[in-house]
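Understanding the architecture of this molecule
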Amino acid sequence: MRGNNKNSLVDDTKFDFLIRKTTAFDFFIFNSPHTFSVASTSYSIMANGCSYDVFLSFRGEDTRNSFTGHLYAVLVQGGLRVFRDTDEINFINRGEELKPKIRRAIMESRASVIVLSENYATSTRCLDELRLVIEQRRECNHFVLPVFYDIDPMDVRKQDKSFGIKVQTSTRWTDDNVNRWKVGLTEVADLKGMHTTTKKDIRPAI
């Protein structure tokens, strides 16, 4: 990972996991291999042919109203076109497959931020998003930034604890799907990203 040690905390009683100078947006900007244009204090990905600069994949019940909500605001304020699924909050059936609009959004985005939290791997929808994002990374030079939110990256890499997904009787938790999801989890855990906790700070994940 490139050197960037401006990791200091915001003095905020509610969201002390945000950092004062180097936000997740800054990390995204300085670690993306893609080209950025600078206008005053904003950045914009040169994403010709893409509908979005960034696709956000996250578990709504874990981070929608905390980390992901703040990240979304920071990215938008920075001039990036961000896709965040507003329907996820009403999504009850965890066995449903990806909706066409989600699939299109991933394929029409230049990059993705994957917010891996405690309940991320309990959702087949999140796991399907991750699988497609990883496929886009392999085939289309899609930039992927994992954020390990209040979890150990090693649990993701080894599919341990809440990431210990297994075959179930549900139609979606088949042996084939679980194996593909495990590959996606292993690959995203091996990428350089960010590790954040609500009690301390945001720091690079090695």
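Let me begin by describing the structure that accompanies this report. (Residues numbered from 1 in each chain as written. Predicted model: local features only at pLDDT ≥ 70, side-chain atom pairs only at ≥ 80, totals over all residues. Heavy atoms only, no water.)

Before going further, it helps to spend a moment on the side chain of Gln159. Among the secondary structure elements, Gln159 is positioned in the loop between α6 (153-158) and α7 (175-189). Contact partners of Gln159, with chain neighbours within four places excluded, come to Gly164, Lys182, Leu185 and Thr186. (Helix = DSSP H or I, 4+ residues; strand = E, 2+ residues; numbered from the N terminus. Contact = heavy atoms within 4.5 Å.)

This part covers the pattern of salt bridges. For the structure shown, the criterion picks out nine salt bridges. Note that Arg59 and Glu61 form a salt bridge whose closest N and O atoms lie 3.3 Å from each other. Salt-bridge contacts for Asp128 lead to Arg172; the nearest nitrogen and oxygen are separated by 2.9 Å. Here the residue Asp128 occupies a position in helix α5 (residues 124-140), and Arg172 occupies one in the loop between α6 and α7, the gap between them amounting to 44 residues. Taken together, the shared-partner salt bridges in this structure form one network comprising Asp85, Lys101 and Arg125. (Salt bridge = Lys/Arg side-chain N within 4 Å of Asp/Glu carboxyl O.)

So, on to helix α4 (residues 100-107). For α4, the full list of buried residues reads Ile102, Ala105 and Ile106. The buried residues of α4 occupy an angular sector of 100 degrees when projected down its axis, which confines them to one face. Against β3 (52-57), β4 (82-83), β5 (109-116) and α5 lie the buried residues of α4. (Buried < 20%, exposed > 50% of the residue type's maximum accessible area, 1.4 Å probe, protein only. Arc of directions from axis to C-beta.)

Time to look at the packing of α5 against α7. Axis separation between α5 and α7 bottoms out at 9 Å; the angle between their running directions is 60 degrees. With respect to α7, the element α5 is oriented oblique. In this structure, the crossing between α5 and α7 has a hand that is left-handed. The segment α5 lies against α7, with Thr124, Leu127, Asp128, Leu130, Arg131, Ile134 and Arg138 engaging Asn177, Arg180, Trp181, Val183, Gly184, Leu185, Glu187 and Val188. Residue composition of the contact of α5 with α7, grouped by class: seven nonpolar, three polar and five charged. (Axes fitted to C-alpha atoms, helices over the stretch in contact; angles between N-to-C directions. Parallel < 35°, antiparallel > 145°, perpendicular 65-115°, else oblique. Left-handed = near helix turned anticlockwise from the far one by under 90°. Nonpolar A, V, L, I, M, F, W, Y, C, P; charged D, E, K, R; others polar.)

Before going further, it helps to spend a moment on the packing of aromatic side chains. Applying the stated criterion across every chain yields a total of four aromatic pairs. Taking 5.7 Å as the distance between ring centres and 40 degrees as the angle between the ring planes, the aromatic pair formed by Phe67 and Tyr149 counts as tilted. Taken together, the residues span a long stretch of sequence, with Phe67 in helix α3 (residues 67-77) and Tyr149 in strand β6 (residues 143-149) at a distance of 82 residues. Taking the relative accessible area as the measure of exposure, Phe67 reaches 2% and is therefore buried. By relative accessible area, Tyr149 is classed as buried at 7%. Geometrically, the ring pair formed by Trp173 and Trp181 is edge-to-face, given 5.1 Å between the ring centres and 75 degrees between the ring planes. Accessibility expressed as a relative area gives 8% for Trp173, which makes it buried. One cation-aromatic arrangement involves Arg84 over Tyr72; the distance from NZ or CZ to the ring centre is 3.9 Å. (Phe/Tyr/Trp six-rings, centres within 6.5 Å; stacked < 30°, edge-to-face > 60°. Lys NZ or Arg CZ within 6 Å of the ring centre and 35° of its normal.)

By themselves, these figures tell us nothing about what the structure is for.
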